[in-house]
Amino acid sequence: MSNRQLTLEQKIGQMVMCGFQTPAVNTEIRTLLEKYEVGGIIYFRRNVANPEQVCRLSSELQSISRKQTDIPLFICIDQEGGMVARIDWDEITLIPGNMAIGATRSAEHAYDAAKICGEELLRMGINMNFAPSVDVNNNAKNPVIGVRSYGERPDVVAELGAAQIRGLQDANVAATAKHFPGHGDTAVDSHHGLAAVPHSEDRLMSIELAPFIRAIKEGVDCIMTAHVMFPAFEPDDIPATLSRKVLTQLLRQRLGFDGVIVTDCLEMHAISKEFGIAEGAVRAVEAGADLVLISHTFTEQVAAIEALIDAVRTGRISESQIDESVHRLLALKEKRQMEQLADVTPEFASSFGTPEAKAVVERICADSITLVKDDKQCLPIDREEATLVIWPEVRQRTEVDEPITQTFTAATALQPHVKQVMELRISTYPDAEEVRDTLAKAAEYRQIIVLTYNAVSMLHQGQVDIVEGLLRDTDKRVIVASTRNPYDLNQFPQAPAYLCCYENRPATMSALANVLLGRQEANGKLPVTISPAYPFGHRA
């Protein structure tokens, strides 16, 4: 069906991507598909339970949509890898995140991980991935990007991002480079407020924009906007998502991108609190966005659709502009053959998490572990010594993290090889009482491995207090390993031994254990600068 055959309401429907709240089709998503004919669906953790369920859900959503139109749905997810993954079941191959791949410096690793991810997503009927993040993380206080970036060097980010785009799209899944023009040098999380990147145009072109320029040359299908202000390109106090100067003049005309421009979620506070979601949707389309993302709230989704229809009918937005966007959306759906339905075949279950795919992930993780310092030769650990492993458990949701109870941890990986291993689980936000209890329990151990987990720009003070309390006893052998952002060392620089893992997933914890045991070298190189003493590229 060409866009000339569509009504205005159908055209606007194609330009909206919505989320819903349940693992099965509910009344709200059915209404959005049947009445408003939305063109895209986004999955979150709330929608997914196992591969078979996701596959059947995808097929059902496509079937409902097909009763209204012959245009297939975008079915999308944020499956970046590592700590930002809506799907993290044991059945699938959970690929490492960007910063872990950045520590390997390997475009081959980047491609292989993305290809595996894309192939498994497509088997579940997911035909678009909001990945990779090609933000250059050159701000240690960034609260939302961090390990979602390959690192602080634009050339490394550009090369690895291009490789992951190739991997996803070779699997016939639409890749999305995000967050344009770059969210890496911000100190505000756009989920909660409006950030600005105040640099000059020359600086932005050479650093923030360089990975996007490479992604465009690579033929990336989609680019996602950032709810961030860039005064060098847009002098008014509006974020890139709502700026015609950024989306049309810069991205379309100057950089020559002819693919799909999708917004980040308009329910994020940088848009919803500053402009309103419905008005934000109209402004984003006015600016040049093809696809607006509204992830959570049915009433807001309907209001945005109706506001867009009204904007065209009143002449605020020309229907010719709508036609151009719909043409791009339909062209992408045809290019990626999105009309094909996923099916639970007899071989379905065995096609996920294959030994070959898991072996690729193990190689990447082995190459990512980074030894930053070992001043007292704490490595390898003494296998005969009773060993305490302190494990911060992610129990609270952030905008990019999900609560996770892991059965396989660093202690699990060490137990077969060390005479006695005790695991002590703590929260990522320990209060004073938990700090005291942890230090009291640690008093009887001489060899301690303490993992840190930093979901925001600074490690929580309770975790810092635990590390500092352990280090006060100079007779102890204390090894610290960060399992997210590598900058934790700056809060306890006196730590004698420090490693960076970039994530706490099972394959990475196995790789960490192998390094601690002396079974393999720590091959990773810092993808960011921790401090002048530990710059980009450092390894002990």
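All values reported here derive from a predicted model rather than from experimental measurement.

Peer 1: What's the story with the sheet that holds strand β12 (residues 292–294) in this structure? I'm lost.
Peer 2: In any sheet, the strands associate via hydrogen bonds between backbone groups, in a parallel or an antiparallel arrangement. Strand order in the open sheet formed by five strands is β6-β3-β2-β1-β12, with parallel pairing between adjacent strands. Of all the strands in the sheet, the pair left with one neighbour each is β6 (128–129) and β12. Here strand β2 (residues 40–43) runs beside strand β3 (residues 74–77); their pairing, made up of four bridges, is parallel. Pairing of Y43 across the sheet is with I77, part of β3.

Peer 1: Teacher, can you tell me more about the nonpolar core here?
Peer 2: One broad trend across soluble globular proteins is that nonpolar side chains are buried collectively. Membership of the largest hydrophobic core comes to 123 residues, with the highest contact counts inside it found for Y43 and L61. In this view, Y43 contacts F20, V48, V54, L57, S58, L61, I75, C76, I77, R86 and I126; residues no more than four positions away in its chain are not counted. Counting 33 residues, the second largest nonpolar core, distinct from the first, contains I390, L424, I448 and L459.

Peer 1: It is not clear to me how the sheet that holds strand β14 (residues 387–393) should be interpreted in this structure. Could you clarify?
Peer 2: Sheet architecture is open: six strands sit in the order β13-β18-β17-β16-β14-β15, paired in mixed fashion. Each having just a single partner strand, β13 (370–374) and β15 (421–427) make up the two edges of the open sheet. Pairs of neighbouring strands in the sheet enclose a mean axial angle of 15°, with direction left out of account. Its contacts with the sheet put helix α17 (residues 461–471) on β14, β15, β16 (447–452) and β17 (477–482), and the angle it makes with β16 is roughly 160°. Across the sheet, helix α18 (residues 506–516) touches β14, β16, β17 and β18 (497–500), and the angle it forms with β18 is around 150°.

Peer 1: Sorry if this is basic, but what is going on with the packing of helix α6 (residues 154–170) against helix α8 (residues 210–218) here?
Peer 2: Two quantities define a packed helix pair, namely the angle between the axes and the distance from one axis to the other. Taken N-terminus to C-terminus, the directions of α6 and α8 make an angle of 30°; their axes are 8 Å apart at the nearest point. Relative to α8, the element α6 is oriented roughly parallel. Crossing hand, α6 versus α8: right-handed. Only A210, P211, R214, A215 and E218 of α8 make contact with α6, whose side of the interface consists of P154, V157, A158, E159, A162, I165 and R166.

Peer 1: Would you explain the environment of D310 in this entry?
Peer 2: By secondary structure assignment, the location of D310 is in helix α12 (residues 298–313). Between the alpha carbons of D310 and E9 there is a distance of 9.9 Å; along the sequence they are 301 residues apart.

Peer 1: It is not clear to me how the packing of helix α5 (residues 107–123) against α6 should be interpreted in this structure. Could you clarify?
Peer 2: It is at 7 Å that the axes of α5 and α6 come closest, and there the two elements cross at 30°. Looking at the two axes, α5 sits roughly parallel to α6. Handedness of the α5/α6 crossing: right-handed. Every residue of α6 that contacts α5 at A107, A110, Y111, A113, A114, K115 and G118 is listed here: E159, L160, A163, Q164, R166, G167, L168 and D170. The class makeup of the residues in the contact of α5 with α6 is eight nonpolar, three polar and four charged.

Peer 1: So what exactly am I meant to see when it comes to the pairing of strand β9 (residues 222–225) here?
Peer 2: Regular strands place their side chains on alternate faces of the sheet. Residues C222 and M224 point to one face of β9 and I223 and T225 to the other, with burial holding for every one of them. Note: β9 against strand β11 (residues 260–262), three bridges, orientation parallel. Opposite I223, over in β11, you have I261 as the bridge partner.

Peer 1: Honestly, the pattern of salt bridges in this entry has me stumped. Any pointers?
Peer 2: Once their charged atoms are close, side chains differing in charge can pair, the charge on each being opposite to the other. Scanning all chains against the criterion turns up 29 salt bridges. In this structure, the salt-bridge partner of D78 is R86, at a minimum N-O distance of 3.7 Å. Here the two residues D78 and R86 agree in accessibility, since each one is buried. Across the pair E208 and R203 runs a salt bridge whose closest N-O atoms are separated by 2.7 Å. The buried category is assigned to E208, whose relative accessible area is 3%.

Cut-offs and rules
Residues numbered from 1 in each chain as written. Predicted model: local features only at pLDDT ≥ 70, side-chain atom pairs only at ≥ 80, totals over all residues. Heavy atoms only, no water. Pairing = 2+ DSSP bridges. Helix = DSSP H or I, 4+ residues; strand = E, 2+ residues; numbered from the N terminus. Core = buried A, V, L, I, M, F, W, Y, C linked by side-chain atoms within 4.5 Å. Buried < 20%, exposed > 50% of the residue type's maximum accessible area, 1.4 Å probe, protein only. Contact = heavy atoms within 4.5 Å. Axes fitted to C-alpha atoms, helices over the stretch in contact; angles between N-to-C directions. Parallel < 35°, antiparallel > 145°, perpendicular 65-115°, else oblique. Left-handed = near helix turned anticlockwise from the far one by under 90°. Nonpolar A, V, L, I, M, F, W, Y, C, P; charged D, E, K, R; others polar. Salt bridge = Lys/Arg side-chain N within 4 Å of Asp/Glu carboxyl O.

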